[in-house]
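# Summary of structural features
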Amino acid sequence: MRSDPLGYLTTELEALKQQGLYRTLRVLEGEQKAKTTFDHRQVVNLSSNNYLGLTTHPLLRERALEATRRLGVGSGSVRSIAGTMDIHMELERRLAVFKHTEAVVVFQSGFAANAGTVAAVLSKDDVVISDELNHASIIDGCRLSRAAIKVFPHKDTAAARRIVAELPAAQRKLLITDGVFSMDGDLGALPALCDIAEEFGCIMMVDDAHASGVFGRNGRGTIDHFSMHGRVDIQVGTLSKAIGALGGYVAGSRALVEFLYHRARPFLFSTSHPPAVAAACIAALDVLEQEPQIIERLWENTRFFKSGLQTLGFNTGLSESPITPVIVGDGALAMKLSDRLFQEGVFAQGIAFPTVARDKARVRTIVTATHTRDELQFALDVFAKVGRELSIL
Ligand SMILES: Cc1ncc(COP(=O)(O)O)c(C=O)c1O
């Protein structure tokens, strides 16, 4: 009989079970909403990135349906062959105006935008200076580029400066940070990093996945929030979170975008979005411009829920955004907390190593504009009950 060459995977899964870190996928039965049903249980949903509730917004839904009726369900090709539809170009023009940049190129996801861009603009003689908590897609892009990777401690701009200062002046350098860190909800050290980039001639890149639609005027992101327009060479955003649909984009100079048309591998080798996705994203930009009160609601909910968790006595780290971690330390305890919350009607995903450091396991909460006060108060009451039960409080 043939032996199983993948048998070691089962062994590793067994080890995860022993450590209390094995997860089954939660299955959403219905729409992605603030209160919804996962695994046959109705829960207050604190786990989605649907910050503004746009996944189910009537305008996005209608425009996606209209585009499907008019243009079909697929683009049929990669962008660089036959898969650039006029609706893709329209979305890029709209995003460039929104971001105040010369041009924008859209990718199939934020992951593809980050990994594809870093890998395209750098090569083996270059160096990337990266915050230790940057997103996995940045890390993968750095590895794919074959550039040297220098990591600085989280938001330690003095350390970042020391690293950059020691590098040869002539070497090409990319300084890169998340705009909002996805597991901690704190903001990248943008102003100080932009200063360093200018002092030493680095390319400055920001991944604004969790800031798009959340920070800045009408959700333009952290570059707008910190008034850094013109100081960040490469801005990445996602269309998969607050924008409610799917995709990622790179905003910058016309030369950057045209270079990515020629060299970014996800752009060259993976099929473009169906027209419905592009249409939904254009509709989302209309909503950001016409209904900015949604963003204000997101922030009211954020302030209410974050201060509620803090008043109860949970360790919420240094969050400055709608992402609020409840840090408990031990991985198994975080999973237990998440499971008990779920049984009581609150879905907040447990997150442990390797996604976060071994001693920083947590459940991560994300509020949205569409949560009601009652839903958030219910969630706080459940956190209080389960937190005491597990001796976290
Ligand atoms: C900081 C950050 N960057 C990029 C991405 C990738 O975005 P997308 O989900 O559109 O691929 C994510 C999503 O998990 C993220 O948290």
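Fair warning: this is a prediction, and the values are worked out from it, not measured in the lab. (Residues numbered from 1 in each chain as written. Predicted model: local features only at pLDDT ≥ 70, side-chain atom pairs only at ≥ 80, totals over all residues. Heavy atoms only, no water.)

If you trace the backbone, Ser48 turns up in the loop between β2 (41-45) and α2 (58-71). A distance of 3.0 Å separates a polar atom in the side chain of Ser48 from the backbone nitrogen of Asn50. Residues contacting Ser48, with those up to four places away along its chain left out, are Gln32, Ile366 and Thr368. (Helix = DSSP H or I, 4+ residues; strand = E, 2+ residues; numbered from the N terminus. Polar contact = N/O pair within 3.5 Å; in protein donor to acceptor, adjacent residues only side chain to side chain. Contact = heavy atoms within 4.5 Å.)

Once that is clear, we can look at the site of the ligand. Every one of the 15 residues lining the ligand counts as a neighbour, but Gly110, Asp207, Thr238, Ser240 and Lys241 are closest to it. Within the side chain of Ser240, a nitrogen or oxygen atom sits 2.5 Å from an oxygen atom of the ligand. The side chain of Lys241 places a nitrogen or oxygen atom 3.0 Å from an oxygen atom of the ligand. Taking 400 Å² as the accessible area of the ligand by itself, protein coverage stands at 83%. More than half of the atoms of the ligand fall within 2 Å of the grid points belonging to the largest pocket. Looking at the shell around the ligand, its residues break down into 2 nonpolar, 10 polar and 3 charged. (Near = heavy atom within 4 Å. Areas by Shrake-Rupley, 256 points an atom, 1.4 Å probe, with all protein chains shown as cover. 1 Å grid on protein atoms, 1.4 Å probe; cavity = no way out; pocket = protein on both sides within 12 Å on 5 of 7 lines; lining within 4 Å. Sits in = over half its atoms within 2 Å of the grid points. Nonpolar A, V, L, I, M, F, W, Y, C, P; charged D, E, K, R; others polar.)

Among the nonpolar cores identified, the biggest contains 68 residues, and Leu46, Leu52, Leu91, Phe305, Leu341 and Phe383 are the most heavily contacted of them. Apart from the residues within four sequence positions on either side, Phe305 is in contact with Leu46, Thr365, Val367, Leu376, Ala379, Leu380 and Phe383. (Core = buried A, V, L, I, M, F, W, Y, C linked by side-chain atoms within 4.5 Å. Buried < 20%, exposed > 50% of the residue type's maximum accessible area, 1.4 Å probe, protein only.)

Here we take up helix α13 (residues 331-343). The terminal C-alpha atoms of α13 lie 19 Å apart, and with 13 residues this matches the ideal 18 Å at 1.5 Å per residue to within 8%. Among the residues of α13, Gly331, Ala334, Met335, Leu337, Ser338, Arg340, Leu341 and Phe342 are the ones counted as buried. Two to three positions downstream of the cap, the backbone nitrogen of Ala332 sits 3.3 Å from a side-chain oxygen, assigning the N-cap of α13 to Asp330. (Expected span 1.5 Å × (residues − 1).)

Glancing now at empty space enclosed by the protein. Under the counting rule described, the total for this entry stands at 1 cavity of 30 Å³ or more. Considered as a void within the structure, the largest cavity measures approximately 60 Å³ in volume. What lines the largest cavity is Arg79, His88, Val106, Phe107, Gln108, Pro266, Phe267, Ser272 and His273. Listing elements by their share of the lining of the largest cavity, those giving two or more residues are β3 (103-107) and α10 (265-269). Across the lining of the largest cavity, the residue classes break down as 4 nonpolar, 4 polar and 1 charged. (Points joined across faces, edges and corners; volume = space filled by probe spheres on them.)

It is worth spelling out the pattern of salt bridges at this point. Applying the stated criterion across every chain yields a total of 25 salt bridges. The salt bridge involving Arg23 is made with Asp339; its shortest N-O contact spans 3.4 Å. Of this pair, Arg23 sits in the loop between α1 (7-18) and β1 (35-38) while Asp339 sits in helix α13, and the two are 316 residues apart along the sequence. According to the relative accessible area criterion, Arg23 is partly exposed, its value standing at 28%. Residue classification places Asp339 among the partly exposed residues on the basis of a relative accessible area of 28%. (Salt bridge = Lys/Arg side-chain N within 4 Å of Asp/Glu carboxyl O.)

We now examine the layout of surface pockets. One number sums up the size of the largest pocket: a volume of about 1,200 Å³. Forming the walls of the largest pocket are 48 residues, and the residues nearest its centre are His135, Ser182, Met183, Thr355 and Arg364. Secondary-structure elements contributing two or more residues to the lining of the largest pocket are α4 (110-121), α5 (136-145), β8 (234-238) and β13 (361-366).

In this section: the sheet that holds β1. Strand order in this open sheet of 3 strands is β1-β2-β11, and the pairing throughout is mixed. With one partner strand each, in any of the chains shown, β1 and β11 (346-347) form the two edges of the open sheet. (Pairing = 2+ DSSP bridges.)

With that out of the way, let us pick up the pairing of strand β4 (residues 127-131). Burial runs high along β4: 5 of the 5 residues are buried. Burial along β4 is two-sided: the residues Val127, Ile129 and Asp131 and Val128 and Ser130 are all buried. Taking the sense of rotation as the criterion, the β-α-β connection linking β4, α5 and strand β5 (residues 148-152) turns out right-handed. Here β4 pairs with strand β6 (residues 173-178) via 4 bridges, running parallel. Pairing of Ile129 across the sheet is with Leu175, part of β6. (Right-handed = clockwise from strand over helix to strand, strands pointing away.)

Let us now look at the sheet that holds strand β7 (residues 203-207). Read across the sheet, 7 strands follow the order β3-β9-β8-β7-β6-β4-β5 without closing on themselves; strand pairing throughout is mixed. Unpaired on one side and paired on the other, β3 and β5 mark the two borders of the sheet. This sheet shows a mean twist of 20° between the axes of neighbouring strands, independent of strand direction. With 3 bridges connecting them, β7 and β8 associate as parallel partners. Within β8, the position partnered with Asp207 by the bridge is Val236. Against the sheet, helix α3 (residues 86-99) touches β3, β8 and β9 (248-252), its axis set at about 125° to β3. (Axes fitted to C-alpha atoms, helices over the stretch in contact; angles between N-to-C directions.)

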